[in-house]
Amino acid sequence: MSTNKSNNKLRATITGVGMYAPEKILDNKTLEKLVDTNDEWIRTRTGIKERRILEDGATSDLGARAAQDLLEKHNVDPKDIDVIIVATVTPDYFFPSTSCLIQNKIGASNAWAFDLSAACSGFLFALQTGTSLIEAGRYKKVLVIGADKMSAIVDYTDRNTCILFGDAGSAVLLEPTEDESIGIKDSILNVDGSGFESLHMQAGGSARPASVETVQNKEHFIYQDGKAVFKVAVKGMADVSVEIMEKNNLKSEDIAYLVPHQANLRIIDATAKRMGLEPEKVTINIDRYGNTTAATIPLCITEYYRDGKIKKGDNLILAAFGAGYTWGSIYLTWGLD
Ligand code: UT7
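The paragraphs below set out a description of the structure included in this document. Here the structure is a predicted model, which means the values were calculated and not measured.

1. Re the sheet that holds strand S5 (residues 83-87)
Point 1. Strand order in the open sheet made by the five strands is S2-S8-S7-S5-S6, with mixed pairing throughout. The open sheet terminates on both sides in strands that have one partner only, identified here as strand S2 (11-20) and strand S6 (112-116). Pairwise comparison of adjacent strand axes, ignoring direction, gives a mean angle of 20° for this sheet.
Point 2. This element, helix H11 (residues 296-306), spans S2 and strand S8 (167-177) of the sheet and lies at about 90° to S2.

As structure tokens, this is what we get:
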């Protein structure tokens, strides 16, 4: 589904960013000791050199620390937050939502909060949801968090998946603006539920509740048919990124950065190529964090903004593909000095 903004409406813009990546590093050399793999294969097939692992705590800790980083750096009182949206596929519990736990941890006592599940596209879906709440004129400060403790659902005896994922949390604050030159300008979000088989967790939900058998069969870990997902991800992410450019009459020279989901450097390169973008116009940190699912895109935004690379007035295209299948792109103009 596609949404377009008309000019006389309130627009949502990002007014703060924050991140948290745990200190513990799991590098490729260490993985060589766990499974039959090697540093060269991992780097050339995925672009990943190392990832972070949260030793103590849960996804709510990743999200809360990212939110606290944002609140401190941008001098925001947690009591002023109206809504918290948390994109995650590794919630602390089935219920209550991870957003409730984060609301309590950061002292956002006036906020209502909910989780959103869209896997690697979770941040884009949450950003569009937050944008719609702002545009409706009802809320002034919406905190959008992407956080995943992927190490909680990774089988470290499965070389197909254990090399890919890491833990992190990242957050952005959305506020209204009447400045038409900045803010979230367009989004294209897609779902194809027939992709379920290729990437999912087999047990633990109501379809297949946890049992001795499901634990013995290792059904509480990520299952991925990597090759199948790779094919559709390359096409899906490139198609939707080109589609949003064409829809908004954007040429490659109008775009400061593609901010892609960090699943595989080869998928990112193919997307950038289709968009006609030089490598220096693509945000990359997959080498240091691997695939942190809902956290990848805000993590890239936070790092590139703090390094002074993303500047006010820059046009960004965010793009992701993930389980579901879910995929999409968002076009925004950066409004923070
Ligand atoms: O973020 C959510 C969406 N997910 C994605 O976007 C992930 C999409 N998929 C991928 O990124 C890639 O498919 C992978 C990185 C998961 C795998 O890369 P690939 O180039 O598709 O490798 P492959 O699965 O086709 O395997 C090629 C070979 C196989 O050996 P043979 O059959 O050719 O002898 C695998 O057994 O590489 C072998 N292999 C490995 N070798 C060393 C698979 N995993 C490993 C490994 N280390 N970790």
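Now, onward.
2. Notes on the pattern of salt bridges
Point 1. This model, assessed by the stated rule, comprises 16 salt bridges.
Point 2. Between Lys 141 and Glu 175 there is a salt bridge, and its shortest N-O distance comes to 3.1 Å. With a gap of 34 residues between them, Lys 141 in the loop between helix H5 (122-135) and strand S7 (142-149) and Glu 175 in strand S8 connect regions that are remote in the sequence. Both residues of the pair, Lys 141 and Glu 175, count as buried.

3. A word on the site of the ligand
Point 1. The environment of the ligand is made up of 23 residues, and the closest members are Thr 37, Arg 159, Lys 227, Asn 264 and Asn 291.
Point 2. Contact distances for the ligand include 2.7 Å between a nitrogen atom and a side-chain N or O atom of Thr 37.
Point 3. A distance of 2.8 Å separates an oxygen atom of the ligand from a polar atom in the side chain of Asn 291.
Point 4. Coverage of the ligand by the protein chains reaches 76% of its 950 Å² of free accessible surface.
Point 5. Counting only elements with at least two residues in the shell around the ligand, the list comes to helix H2 (39-46), helix H6 (159-162), helix H8 (226-247) and helix H9 (265-275).
Point 6. No other element matches H8, which puts four residues into the shell around the ligand.

4. Structural notes on the packing of H8 against H9
Point 1. Their axes nearest at 9 Å, the elements H8 and H9 cross at an angle of 30°. One way to sum up the angle between H8 and H9 is to call them roughly parallel. The handedness of the crossing between H8 and H9 is right-handed. Of H9, the residues touching H8 (which contributes Phe 230, Ala 233, Val 234, Met 237, Ala 238, Asp 239, Ser 241, Val 242 and Met 245) are Arg 266, Ile 267, Ala 270, Thr 271, Arg 274 and Met 275.
Point 2. Taken together, the residues of the contact of H8 with H9 break down into 10 nonpolar, two polar and three charged.

Thresholds applied
- Sequence order sets the numbering: in each chain, residues are counted from 1 along the sequence as written.
- For this predicted model, a pLDDT threshold of at least 70 governs which residues receive local features, and a threshold of 80 or more governs which side-chain atom pairs are given and counted, while totals over whole chains, interfaces and linings are taken from all residues.
- Computation of side-chain values: all heavy atoms of the structure, hydrogens and water removed.
- Two strands are counted as paired when DSSP detects at least two bridges linking them.
- The helix count covers DSSP runs of H or I at least four residues long, the strand count covers runs of E at least two residues long, and both are numbered beginning at the N terminus.
- Axes here refer to lines fitted to C-alpha atoms; in helices the fit is confined to the stretch in contact. Angles between the N-to-C directions go from 0 to 180 degrees.
- Contacts: residue pairs with any heavy atoms within 4.5 Å of one another.
- By convention in these notes, a salt bridge is any Lys or Arg side-chain nitrogen within 4 Å of a carboxyl oxygen on Asp or Glu.
- Burial status follows relative accessibility: with a 1.4 Å probe on protein chains alone, a residue under 20% of its type maximum counts as buried, one over 50% as exposed, and anything between as partly exposed.
- Note on terminology: near, applied to a residue and a molecule or strand, indicates that one of the residue's heavy atoms is within 4 Å of it.
- In protein, a polar contact means a hydrogen-donor-capable atom and an acceptor-capable atom, both N or O and within 3.5 Å, with residues adjacent in sequence counting only if both atoms are side-chain atoms; elsewhere, any N or O pair within 3.5 Å suffices.
- Here the Shrake-Rupley method, with its probe set to 1.4 Å, supplies the accessible areas, and only the displayed protein chains count as covering residues.
- Oblique is the label for any angle not under 35 degrees, not over 145, and not in the 65 to 115 range, which are roughly parallel, roughly antiparallel and roughly perpendicular in turn.
- A crossing counts as left-handed when the near helix is turned anticlockwise from the far one by less than a right angle, and as right-handed when that turn is clockwise.
- Side-chain classes follow a simple rule in which Ala, Val, Leu, Ile, Met, Phe, Trp, Tyr, Cys and Pro form the nonpolar group, Asp, Glu, Lys and Arg form the charged group, and the remainder, Gly included, forms the polar group.

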